[in-house]
Amino acid sequence: MEGSRVVVVGGGNAAIDTARTLVRLGCKVTMICLEAREAMPAIKEEILEAEAEGIEIRPSISPKRFLGDPGGRVKAVECIEVERIDQRPDGRLKPIFREGTEFNIDTDRIILAIGNRSDVTFLPSGLEADERGLIRVDRDTFRTSLPQVYAGGDLVNGPTSVVAAMNSGKLAARRIVCDLEKVTYPERFQDLVELSIRAEDAVQRNRGYFEPKPRARMPRLPLDDRKSFQEVELGLSEEEAIAEAKRCLNCGGCSDCRECEKVCEAKAIDYYQREEIIPVTVGAVVIATGFEEFDPVNLHYGYGRYPNVVTQFQAARMMDPLGPTQGRLLRPSDGQEAKRILMIQCVGSRAGEQNLQGGHPYCSRVCCMVALKHASLIKKYFAEDAQIYICNIDIRAFGKGYEEYYEKVKTMGVKFIKGLPGEILEEKETKDLIVHVEDMATSTLLEIPVDLVVLSTATEPTQSSDLLKKLGVARDESGFVKEFHPKIRPADTTVKNIFVCGAAQGPKDISDTIAQSGLAAMAAASYLGEGYVLLNPQIAEVNPDLCRACGRCEKECEFQAIRVDQELLSAAVEEVMCEGCGKCTVVCPTGAVSVKSFKEKQLLAAIDGLFEDLPERAEEEMAKTP
Amino acid sequence: MKDANISREEFEPIVLGLACNWCGYAAADQAGMAKIQYPTNIKLARVMCLGTVDAYLVMNAFHKGFDGVILIGCHIGECHYVSGNKNALLVVERIKKILDIIGLQGERLRVEEVSAGEAPKFAKVVKEFVEELKALGPSPLRRTEAKV
């Protein structure tokens, strides 16, 4: 073999494989194929590697004749140039040759690698074929024209790869199961359908989170070393492999390995559990959706830019012995213990009516006590010699024992600065923070270097506005659920059977939340347990003859007390909910809605009377009556 | 109905006050109980919410001959029925424009936010409105002379 010349006929991966093997056996290889270079079915990389290994590739060439010597041995291939390849009506390809361009390639061997064709001779008649002679199947169900006969793989798609054939087989098998069990594909294989939806969804949602990285470059055996059949692709190193694995978007989430199921002693994992939407009919709802933390990233305190600026919530997490730092208050930049700490109050609160810097006008109530608590904890359990400053507008220690607590914290040596910092700068090397603040009590401008700045951030209503919209409860300007009356009925909402408690109604601490929750529970229970509801006599009523179901009243009502009934094609009043305000009467274009015992003509008559209410006229009227 | 033949000096405006049950009317009640003096030019009618006041009511009052109409109700954000007073503000805006166009002077219509505890403010607001109407003169639709 060594030194012999071989012509390989074909442009696909089999031809390339053949050529690269021959080269390693010491042959001189020329590949010829009908297809133009761009149309060669072989993998592009393989074509480049083949050429790099010294294989001559001549596309757009067709063998015309094989020439031999009188002994019957091959001598040369007579070739002709291919002008173009046309497609016949039946799908088959027809090459068009360039007349007069014949030439010879001398060779010792010829190897044909022009592809395979399925043997269809054994198949029963009645099995419909397509133009290419392949079995015709339904693309989704893999059914052929014969009942209970399915087909897939090369027989259907033409010659492709083993992997494609296995894929085809698996898909067909699932369809067969569906047909045998007489169920639809989404019913039987719901988890697979969901998996592909989940994967697509995860890819879309995480687009912005992952940094696009190119694939790792596979190291290859240098060309000089490619004399033997040693693997050309050498494989990635451990670091490269880990980096490549990190590119995975993990779109499937769970990899369905079911190890958790095997390991759980309580048998708590149900692999086939599905999301269920359970309709529950109730007579009352209590909103207890709590609060969220204000994000201080847009303020001038450097949160998000300087690593050593954190919030009270993050500090609390660090001080938790079961937390991420095992209960040590550390600087995020270098993991060192924070000894000099400065807290800033009212971050995102008390921002005035203009909502300065995206803050809120209200006071978040709890942050002063949180700061005092954290300062006290740091002094008592972490670093007795810690230097702690609390920058504030005022300290609000409003509850039982709170003022006494404040005094105690003062005696621990915590410094209270009456003023909020105007600027915080970071020291490049140490990442220490220099806080510039004016102490209004002494009218001095201070520059305080600290290890850690802790922001006392505002509490905001949870962004569950979708839920609140669906419930139809009114909210105040800051987004908290609006209580029916702030003093007398703080746990009621504008909707009679929906109650609210806790931070969802306004910032508050644990004791107040517990108190209000008890109230909400009691209000809901007594509403339900009463057995009857007292109706306001002055409520809206609809004249269905005048109503044209435009829905304006429904839109206007704050109490969900009037709705358009689609069957009656008229608005109808939910008497229990109506408060009798009369807004619906004003927006109704036909005057179909009116308020019982408070009709417009009553009001007009009253106004008339008021106008006539003049002393002389009264005398006149009185004179008339006998 | 006789033609109004009122001299500027003797003119006493007749004012319709539409006060909401929870704030405006309650404030008027408080003012009365606290014996706070306010002009008798104002004739108070109680509505449950200023949101119930529509254009017809107001225009009807002017047609009747009132020199001025004032809506007194809850502060924005504190409406007993959540947003009725917001609607009232919009209605008043629109009607003022119409009044200007038809020559009835938009200044004859006003809306004021007075909560139930603000009795002195109620009195102040009424006094100011009556003074302004005195300067404006009688409504062109006024048909009666009146001593209020």
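Draft legend 1. How the structure looks around the overall build of chain A. Helix and strand counts for chain A stand at 17 helices and 24 strands. Within the span of chain A, comprising 626 residues, buried residues form 26% of the whole. For chain A, restricting intrachain contacts to residue pairs at least 6 apart in sequence, the fraction spanning at least 24 positions comes to 57%.

Draft legend 2. Quick look at the overall build of chain B. Across its full length, chain B carries 4 helices and 4 strands. Along chain B, from the amino end to the carboxyl end, the secondary structure elements read β-α-β-α-β-α-β-α. Out of the 148 residues in chain B, the part that is buried amounts to 48%. In chain B, the proportion of contacts linking residues at least 24 apart, taken out of those at least 6 apart, comes to 81%.

Draft legend 3. Local environment of the sheet that holds strand E3 (residues 68–73) of chain B. Residues and elements named next belong to chain B. On the basis of which strands lie adjacent, the open sheet formed by 4 strands has the order E2-E1-E3-E4 and parallel pairing. The open sheet terminates on both sides in strands that have one partner only, identified here as strand E2 (42–47) and strand E4 (109–113). Averaged over all pairs of adjacent strands, the angle between strand axes in this sheet comes to 20°, irrespective of strand direction. Relative to E4, E3 is paired through 5 bridges, and the arrangement is parallel. Looking at E4, one finds that Val69 is bridged to Leu109. Against the sheet, helix H3 (residues 84–101) touches E3 and E4, its axis set at about 160° to E4. Across the sheet, helix H4 (residues 119–136) lies against strand E1 (15–20), E2, E3 and E4, angled at about 165° from E3, the strand it touches most.

Draft legend 4. Structural detail: the pairing of strand E14 (residues 415–418) of chain A. Residue and element names in this part refer to chain A. Where strand E13 (residues 387–392) and E14 come together, 4 bridges link them in parallel fashion. Bridge assignment links Cys391 to a residue of E14, and that residue is Ile417. Handedness of the crossover joining E13 and E14 through helix H11 (residues 402–411) is recorded here as right-handed.

Draft legend 5. Looking closely at the interface of chain A and chain B. In this complex, chain A contributes 22 residues to the contact, which on the side of chain B involves 24 residues. Secondary-structure elements contributing two or more residues to the side of chain A that touches chain B are helix H15 (583–587) and helix H16 (600–612) of chain A. Here the side of chain A that touches chain B takes 7 residues from H16(A), the largest share from any one element. Here the residues of the side of chain A that touches chain B sort into 12 nonpolar, 4 polar and 6 charged.

Draft legend 6. Main features of H16(A). Look at H16(A): 18 Å from first C-alpha to last across 13 residues, which is about the 18 Å you get at 1.5 Å a residue. Within H16(A) the residues assigned to the buried category are A:Leu603, A:Ile607 and A:Leu610. Taken around the axis of H16(A), the buried residues stretch over an arc of 60°, which confines them to a single face. Exposed positions of H16(A) whose direction lies more than 90 degrees from the buried face are A:Lys601, A:Gln602, A:Ala605 and A:Gly609. Contacts made by the buried residues of H16(A) are with E1, E2 and helix H2 (55–64) of chain B.

Draft legend 7. Representation of the sheet that holds strand E8 (residues 109–112) of chain A within the structure. Residue and element names in this part refer to chain A. Reading across the sheet, the 4 strands line up as E3-E2-E1-E8 and stay open at both edges, with parallel pairing between neighbours. With one partner strand each, in any of the chains shown, strand E3 (56–58) and E8 form the two edges of the open sheet. Each strand of the sheet is rotated relative to its neighbour by a mean of 20°, with strand direction disregarded. In the sheet, strand E1 (residues 5–9) pairs with strand E2 (residues 28–32) via 5 bridges, with the strands oriented parallel. In the strand pairing of E2, Val9 is matched with Ile32. Sitting on the sheet, helix H1 (residues 13–24) is in contact with E1, E2 and E8, with an inclination near 165° to E2.

Draft legend 8. Main features of the packing of helix H9 (residues 312–319) of chain A against helix H10 (residues 367–382) of chain A. Residue and element names in this part refer to chain A. At a closest axis distance of 11 Å, the pairing of H9 and H10 adopts a crossing angle of 30°. Once H9 is placed against H10, the crossing between them reads as left-handed. Judged by residue contacts, Gln312, Ala315, Ala316 and Met319 of H9 engage Cys367, Val370, Ala371, His374 and Leu377 from H10. Considering only residue class, the contact of H9 with H10 consists of 7 nonpolar, 2 polar and no charged.

Draft legend 9. The arrangement of the nonpolar core in detail. Of all hydrophobic cores here, the largest spans 52 residues; its most connected members are B:Val15, B:Cys20, B:Ala27, B:Val53, B:Val69, B:Leu71 and B:Phe122. Residues in contact with B:Cys20, not counting those within four places in the same chain, are B:Tyr25, B:Val47, B:Met48, B:Cys49, B:Leu50, B:Gly73 and B:Cys74. Ranked by size, the runner-up nonpolar core spans 43 residues in total, among them A:Leu329, A:Ile390, A:Val409 and A:Phe416.

Draft legend 10. Fine view of unusual backbone geometry. Residue and element names in this part refer to chain A. Even without being a glycine, Lys431 presents a positive backbone phi close to 65°. Tracing the chain through its elements places Lys431 in the loop between strand E15 (423–426) and strand E16 (433–439). Here the phi dihedral of Ala549 falls at roughly 55°; this positive angle occurs in a residue that is not glycine. Residue placement: Ala549 occurs in the loop between strand E21 (540–542) and helix H14 (552–556).

Draft legend 11. Here's a closer look at H2(B). When H2(B) is considered as a whole, its buried residues turn out to be B:Leu57, B:Val58, B:Ala61, B:Phe62 and B:Lys64. One side of H2(B) carries all its buried residues, which in axial view fall inside an arc of 160°. Opposite its buried face, H2(B) presents the exposed residues B:Tyr56 and B:His63, each directed more than 90 degrees away. Summarising the contacts, the buried residues of H2(B) are in contact with H16 of chain A together with E1, E3, H3 and E4 of chain B.

Draft legend 12. Broad picture of the packing of H10(A) against H11(A). Residue and element names in this part refer to chain A. Following both chains from N to C, one finds H10 and H11 inclined at 40°, their axes separated by 10 Å at the closest point. When the axes of H10 and H11 are compared, the pair comes out oblique. Seen along the crossing, H10 lies across H11 with a hand that is left-handed. On H11, the residues that touch Met369, Leu372, Ala375 and Ser376 of H10 are Tyr402, Tyr405, Tyr406 and Val409. Within the contact of H10 with H11, the residues separate by chemical class into 7 nonpolar, 1 polar and no charged.

Draft legend 13. Up close: the confidence of the model for chain B. The share of residues in chain B with pLDDT of 70 or more is 90%, and the mean pLDDT across the chain is 87. On the interface metric, ipTM, the complex scores 0.88, and its pTM is 0.59.

Draft legend 14. Inspection of the environment of A:Lys246 at higher detail. As for its placement among the helices and strands, A:Lys246 is situated in helix H7 (residues 238–246). The spatial distance from the C-alpha of A:Lys246 to the C-alpha of A:Lys213 is 9.7 Å, given a sequence separation of 33 residues.

Draft legend 15. Broad picture of the pairing of E1(A). Residues and elements named next belong to chain A. Of all the 5 residues making up E1, 4 are buried; the element is thus mostly covered by neighbouring parts of the structure. Since E1 and E2 lie parallel, the crossover through H1 that links them has a hand, and here it is right-handed. One ladder, built from 4 bridges, connects E1 with E8; its direction is parallel. Each bridged residue has a counterpart across the sheet, and for Val6 the counterpart in E8 is Arg109.

Here is what the cut-offs are and how they apply
Residues numbered from 1 in each chain as written. Chains lettered and ligands numbered in written order. Predicted model: local features only at pLDDT ≥ 70, side-chain atom pairs only at ≥ 80, totals over all residues. Helix = DSSP H or I, 4+ residues; strand = E, 2+ residues; numbered from the N terminus. Buried ≥ 20, exposed ≤ 12 C-beta atoms within 10 Å, placed from the backbone. Contact = placed C-beta atoms within 7 Å. Pairing = 2+ DSSP bridges. Axes fitted to C-alpha atoms, helices over the stretch in contact; angles between N-to-C directions. Right-handed = clockwise from strand over helix to strand, strands pointing away. Nonpolar A, V, L, I, M, F, W, Y, C, P; charged D, E, K, R; others polar. Expected span 1.5 Å × (residues − 1). Arc of directions from axis to C-beta. Left-handed = near helix turned anticlockwise from the far one by under 90°. Core = buried A, V, L, I, M, F, W, Y, C linked by C-beta atoms within 7 Å. Parallel < 35°, antiparallel > 145°, perpendicular 65-115°, else oblique. pLDDT = per-residue confidence, 0-100.

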